[in-house]
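Structural overview for review
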There are 2 protein chains.
Amino acid sequence: MVAGALPLGTAESKPAISDFTLENGMRAVVIEDHRAPVVTHMVWYRVGSADEPPGKTGIAHYLEHLMFKGTDKIAPGQFSRIIAENGGQDNAFTSRDYTAYFQRIAKDRLGLVMSMEADRMRNVNIRQEDIVAERDVVLEERNSRTDNDPAGRFREQYMAALYLNHAYGIPVIGWREEIESLDRDDALEMYERFYAPNNAILIVAGDVTPDEVRALAEEHYGVIEPVDLPESVRATEPPHLAARRLTMRDPRVAQERLWRGYIAPSYVTDGDSAAALGLLSDILSGGTTRRLPKMLTLETDLALYAGAYFSGMARDMGEFAFYAAPKGETTLTELEGALDWMIADLLENGITEEELARAKKAAIASEIYAQDSQGSLARQYGAALTIGLELDDVIGWRDRLEAVTVEDVMEAARLVLVPERSVTGYLMKAKTEGADG
Amino acid sequence: MVAGALPLGTAESKPAISDFTLENGMRAVVIEDHRAPVVTHMVWYRVGSADEPPGKTGIAHYLEHLMFKGTDKIAPGQFSRIIAENGGQDNAFTSRDYTAYFQRIAKDRLGLVMSMEADRMRNVNIRQEDIVAERDVVLEERNSRTDNDPAGRFREQYMAALYLNHAYGIPVIGWREEIESLDRDDALEMYERFYAPNNAILIVAGDVTPDEVRALAEEHYGVIEPVDLPESVRATEPPHLAARRLTMRDPRVAQERLWRGYIAPSYVTDGDSAAALGLLSDILSGGTTRRLPKMLTLETDLALYAGAYFSGMARDMGEFAFYAAPKGETTLTELEGALDWMIADLLENGITEEELARAKKAAIASEIYAQDSQGSLARQYGAALTIGLELDDVIGWRDRLEAVTVEDVMEAARLVLVPERSVTGYLMKAKTEGADG
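How each quantity is defined
- Residues numbered from 1 in each chain as written.
- Chains lettered and ligands numbered in written order.
- Predicted model: local features only at pLDDT ≥ 70, side-chain atom pairs only at ≥ 80, totals over all residues.
- Least-squares fit on C-alpha atoms with pLDDT ≥ 70 in both.
- Contact = placed C-beta atoms within 7 Å.
- Helix = DSSP H or I, 4+ residues; strand = E, 2+ residues; numbered from the N terminus.
- Buried ≥ 20, exposed ≤ 12 C-beta atoms within 10 Å, placed from the backbone.
- Pairing = 2+ DSSP bridges.
- Axes fitted to C-alpha atoms, helices over the stretch in contact; angles between N-to-C directions.
- Domains from an automatic or database assignment.
- Parallel < 35°, antiparallel > 145°, perpendicular 65-115°, else oblique.
- Nonpolar A, V, L, I, M, F, W, Y, C, P; charged D, E, K, R; others polar.

Concerning the relation of the copies chain A and chain B
Taken as rigid bodies, chain A and chain B are interconverted by a rotation of 180° and an axial shift of 0.0 Å, the fit giving an RMSD of 0.0 Å. The transformation relating the two chain copies, once decomposed into turn and shift, fits a two-fold axis. Of the C-alpha atoms belonging to chain A, the one lying closest to the rotation axis is found on A:Arg245, 2.4 Å away. Taken together, the interface assignments show that 100% of the residues at the interface of chain A recur at the interface of chain B, consistent with an identical surface on both copies.

Printed below as a string of structure tokens:
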């Protein structure tokens with residue numbers, strides 16, 4: 001089905017967005033952008049680390065690495081070289097809800113990259129020798145990003161404490177002990193189960209027309225048979241009844257840190273609350289209001305930096321969090337006290353119409369800015385559709401933001417900022433004698 | 001293979017233990033006990049809540065309930081009635097590592113119960129009407145045992161915090177949200193996958209000979225075809241790097257409570273350390289030494305009760321924990337301070353030879369006492385073999401205990417009682433205004 005081209009509601013850039021679905025169930029979105037003769041081509045699979053079976057954490061990301069190893073047609077290691085030889089760039093990323101592959105290349109090479117991406121959708125060739133070598137690459141990636149970085153390890157322990165049951169608490173790269181035993185069968189099982197046109201979303205942004213994209217997509221992707229997708233069952237999250245805390249001490253910690261997080265609705269589970277929480281994080285942390293950094297750095301001089309964020313682009317649930325780094329002799333306990341005071345003040349006295357108006361303005365400005373980038377527009381649509389949103393959710397985003405009221409924000413804040421649902425983390429310099437249990 | 005009868009090493013009761021394995025892979029243990037003309041018949045399956053797929057917590061226990069619903073031969077609800085009409089009792093239990101079914105009945109009815117148990121091993125008949133009714137029974141069980149009991153809910157939140165990745169952190173009965181959606185397919189999938197002779201252990205204790213048991217077992221169980229058992233993959237547990245805490249407040253809390261736990265080796269993963277930890281828990285909590293209750297209730301008058309336990313009969317890992325209830329005006333923080341002091345004192349000053357000797361004596365006495373009960377002996381062997389121990393581990397238990405030295409205990413204590421691996425829980429009366437985040 002070809003939907004009509006839907007103009008976005010901003011005057012500055014009006015990319016025409018259209019979509020269609022191939023006979024085999026593969027969804028496609030075309031974002032026209034005729035400023036330069038290039039295209040961004042992305043294929044998103046609805047599978048991420050939250051879909052991994054027990055004991056196999058890291059397999060989604062590891063499979064992403066192995067997808068570059070070649071097919072019957074592409075020799076081992078040649079995939080990215082061919083893209084580069086054609087003047088393009090390519091890469092991939094794995095998240096909790098999706099795995100995506102993309103290339104940015106001259107418009108006349110779109111057929112080439114589609115043929116290559118379609119080929120590896122079902123015909124990847126994973127050799128035993130690549131299995132071990134690439135696993136070492138992943139382990140080294142884990143070493144440098146997490147294991148050698150106290151803040152990275154702290155973040156992992158914090159996420160594991162934040163979720164009682166759901167796989168969002170597991171690091172996308174996987175737990176080291178489990179990465180070490182991942183093998184070819186594990187990779188192929190996930191590949192065969194989830195890599196299929198009816199579990200994929202094609203995003204093409206750039207100097208193309210919907211008709212051109214459709215013709216190429218039918219030629220390359222349309223010929224792939226759909227698979228029987230298994231029911232996708234994920235763990236749920238039971239009620240959070242007990243406030244949790246964690247304290248990690250490490251001699252390599254250069255800067256101590258306070259972290260406070262709460263599970264929250266996502267744009268998928270409750271779009272209105274998520275919109276309100278996004279604006280709340282901006283009021284507390286960004287834009288011109290910046291309540292939290294102002295209070296903790298300027299007024300009280302307790303923190304080097306402080307902020308809040310809302311992470312809501314997720315299929316099952318979002319996260320609202322605060323963070324701060326103590327300044328000078330300030331202790332994490334003092335910093336936490338000030339944070340608690342600010343949260344109590346927020347819940348008691350609310351926000352003002354003016355703060356909300358400013359946050360909306362900032363959110364809409366950054367939305368307009370993002371639309372200026374072909375790559376970020378493509379990512380926005382790819383991520384939204386893969387987690388279960390619709391085109392209209394993205395297109396109508398601005399309207400949804402505009403509709404948020406002060407009372408909506410406060411209702412969402414009261415829903416989420418509940419002590420018994422909180423996790424508070426202290427990352428501390430190791431002492432030889434710790435007082436803390 | 002029939003092993004020779006192996007006498008246990010105690011003079012008071014010498015049950016002869018023998019074992020054999022049927023052609024189809026079903027293991028059997030016979031515990032002779034000729035004091036009364038009765039038998040205890042148990043079938044243990046190597047599947048428990050730790051083997052449940054994501055999103056399906058509670059399915060192992062729910063399946064246990066459904067196993068009483070009948071087969072093609074036994075009409076719905078008649079299983080237990082037939083046992084009762086023959087003067088017997090029957091029941092079942094589900095744990096993290098196993099699900100077991102048992103009957104206690106006159107010796108001449110052993111063939112009858114075997115025929116019934118063998119029948120439901122592969123031919124259970126789960127009707128759609130039972131699915132909903134029995135799910136309500138399970139939900140009501142969860143209501144009364146957990147949801148209506150703050151201590152039960154606290155225990156669940158504590159266990160979820162204790163494990164970062166492994167399914168031992170999930171309640172055996174399942175999370176309510178997931179129990180509610182369990183269906184017939186979920187039950188049958190687990191049943192067909194795990195309920196098979198080559199995944200089962202038969203324990204018969206009582207007034208029988210090994211030859212009698214073997215003949216009956218071959219007749220009833222020997223005719224069942226083995227199944228292809230899938231590789232049993234469980235989540236591992238990543239390193240614990242951050243001390244964790246949780247605070248739960250509930251207006252229904254009559255008695256506040258302190259909890260402190262650590263992941264520990266199990267009898268399967270490290271039998272020597274587990275033996276030492278079992279003795280340590282006895283030194284701290286039981287027997288005549290009772291360090292912890294003496295200090296917290298008698299010497300300091302801080303606690304109403306206090307204790308320690310070690311739970312090590314598990315396939316993947318054990319747990320060492322302390323608990324205490326504050327007395328009068330004592331706060332949980334004060335109580336925790338005293339507990340920390342005791343742990344520091346233990347690690348610094350160790351235990352004495354005399355304390356260890358007393359703990360061994362108590363452990364051996366309770367072992368002898370347990371051997372007096374046909375049911376508890378049968379359970380002991382069933383649990384041990386199902387989690388992966390061997391007959392010799394049970395039979396040689398006393399020797400292993402005797403061999404533990406003071407240094408072994410201290411080494412195990414230093415291995416386990418590490419602050420960054422701890423979880424500390426506060427169960428508190430709800431206040432209208434909480435100071436704690």
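Next comes the rest of the description.
Let's talk about the environment of A:Lys431
Residue and element names in this part refer to chain A. Secondary-structure assignment places Lys431 in the segment after strand E12 (422-429). Taking the C-beta count within 10 Å as the criterion, Lys431 has 10 such neighbours and is therefore assigned exposed. Each C-alpha atom, one on Lys431 and one on His220, is 60 Å from the other, the two residues being 211 residues apart in sequence.

Some points on the interface of chain A and chain B
Across the boundary between the two partners, chain A contributes 40 residues, which contact 40 residues of chain B. Elements represented by at least two residues in the side of chain A that touches chain B include exactly helix H5 (150-162), helix H6 (176-179), strand E8 (242-250), helix H11 (332-349) and E12 of chain A. A per-element tally of the side of chain A that touches chain B places E8(A) first, with eight residues.

Considering the pairing of strand E10 (residues 303-311) of chain B
It is a general feature of regular strands that their side chains alternate between the two faces of the sheet. Residue and element names in this part refer to chain B. Of the strand pairs in this sheet, E10 and strand E11 (residues 318-326) are connected by eight bridges, and their pairing is antiparallel. Residue pairing across strands places Tyr305 opposite Ala325, the latter belonging to E11. The loop that links E10 with its antiparallel partner E11 comprises six residues.

A few points about the sheet that holds strand E9 (residues 257-264) of chain A
Pairing is mixed in the open sheet, where 10 strands are placed in the order E10(A)-E11(A)-E9(A)-E12(A)-E8(A)-E8(B)-E12(B)-E9(B)-E11(B)-E10(B). At either margin of the open sheet sits one strand with a lone partner, and together these are strand E10 (303-311) of chain A together with E10 of chain B. For this sheet the average axis-to-axis angle between neighbouring strands, irrespective of direction, equals 15°. Sheet strands touched by helix H9 (residues 271-285) of chain B: strand E9 (257-264), E10 and E11 of chain B. Its angle to E10(B), the strand with the most contacts, is close to 170°. In the packing of helix H10 (residues 291-299) of chain B onto the sheet, the strands contacted are E10 and E11 of chain B, and the crossing angle to E10(B) comes to about 165°.

Section: the domain arrangement of chain A
Residue and element names in this part refer to chain A. Per the domain assignment, the segments making up chain A are domain 1 (6-220) and domain 2 (244-429). Placing a centre on the C-alpha atoms of domain 1 and another on those of domain 2 gives a separation of 28 Å. Residue-level contacts link 35 residues of domain 1 with 33 residues of domain 2. Of all the secondary structure elements, the ones that give two or more residues to the side of domain 1 that touches domain 2 are strand E2 (16-21), strand E3 (27-32), strand E4 (38-45), strand E6 (99-106), H5 and strand E7 (200-206). Among the elements that make up the side of domain 1 that touches domain 2, the one with the highest residue count is H5 (seven residues).

Here we look at the packing of H9(B) against helix H16 (residues 406-416) of chain B
Residue and element names in this part refer to chain B. H16 packs onto H9 with a crossing angle of 95° between their chain directions and a minimal axis gap of 8 Å. Taken together, the axis directions place H9 and H16 in an arrangement best described as roughly perpendicular. For the pair formed by H9 and H16, the contact residues are Asp272, Ser273, Ala276, Leu277, Leu279 and Leu280 on the first element and Asp408, Val409, Ala412, Ala413, Leu415 and Val416 on the second. Residue composition of the contact of H9 with H16, grouped by class: nine nonpolar, one polar and two charged.

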